[in-house]
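# Per-entry structural report
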Amino acid sequence: MGRDRHSAIVQAVKPAIGPGLEIRPMRDSDAEQVLAIYQAGLDTRHASFETTAPS
């Protein structure tokens, strides 16, 4: 009952973004805004079973 295993090579592509926007790694200085957005998602009660963002 063996199954053939197939592997695929997937190449990542940089997504298209609008003018004036930049995709970059998060910085420590982003934490306050990122946690506020995360908390806003938690407040909907649809994003997670968690109720508060980490501190």
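Refer to the preceding data block for the structure.
Residues numbered from 1 in each chain as written. Predicted model: local features only at pLDDT ≥ 70, side-chain atom pairs only at ≥ 80, totals over all residues. Heavy atoms only, no water.

## A short note on the overall build of the chain
Spelled out, the test is: Runs of E in the DSSP output that reach at least two residues are strands. Runs of H or I that reach at least four are helices, and both are numbered from the N terminus. The buried label goes to any residue with under 20% of its type's maximum accessible area, the exposed label to any with over 50%, and the partly exposed label to all in between, with areas taken from a 1.4 Å probe on protein chains only. In these tables, accessible area is a Shrake-Rupley quantity obtained with a 1.4 Å probe, and a residue counts as shielded only by the protein chains included in the view. Asp and Glu are treated as the negative residues and Lys and Arg as the positive ones, with His and the ends of the chain left uncounted. Here the site of a charge means NZ on Lys, CZ on Arg, CG on Asp, or CD on Glu.
Helix and strand counts for the chain stand at one helix and zero strands. Once the C-alpha set of the chain is aligned to its principal axes, its extents read approximately 50 × 35 × 20 Å. In the chain, which comprises 55 residues, the proportion classed as buried is 5%. Summed over its atoms, the accessible surface of the chain is roughly 5900 Å², and 55% of this surface lies on carbon and sulfur atoms. The average position of the 6 basic charges and that of the 7 acidic charges among the side chains of the chain differ by 10 Å.

## Some words on the side chain of D30
Heads up, the condition is: We call two N or O atoms a polar contact when they sit within 3.5 Å, provided that within protein one can donate a hydrogen and the other can accept it, with sequence-adjacent residues counted only if both atoms are side-chain atoms. Here, two residues are considered to be in contact whenever any of their heavy atoms come within 4.5 Å of each other.
Residue position: D30 is located in the segment before α1 (31–43). A relative accessible area of 13% places D30 in the buried class. Looking at D30, its side chain comes within polar contact range of the side chain of R24, at 2.8 Å. Setting aside anything within four residues of it in sequence, one finds D30 in contact with R24 and P25.

## Quick word on the pattern of salt bridges
Rules: Think of a salt bridge as a Lys or Arg side-chain nitrogen and an Asp or Glu carboxyl oxygen that are within 4 Å of each other.
On inspection of all chains with the given rule, the structure shows one salt bridge. Note that R24 is salt-bridged to D30, the shortest N-O span being 2.8 Å.

## Some details on a nonpolar patch on the surface
Quick note on the threshold: Think of a patch as exposed residues, more than 30% relative accessible area, with no salt bridge, where like charges cluster within 9 Å and nonpolar side chains (Val, Leu, Ile, Met, Phe, Trp, Tyr) cluster within 5 Å.
On the surface, a nonpolar cluster with roughly 290 Å² of combined accessible area is contributed by I17, L21 and I23. In this structure, L21 sits in the segment before α1.

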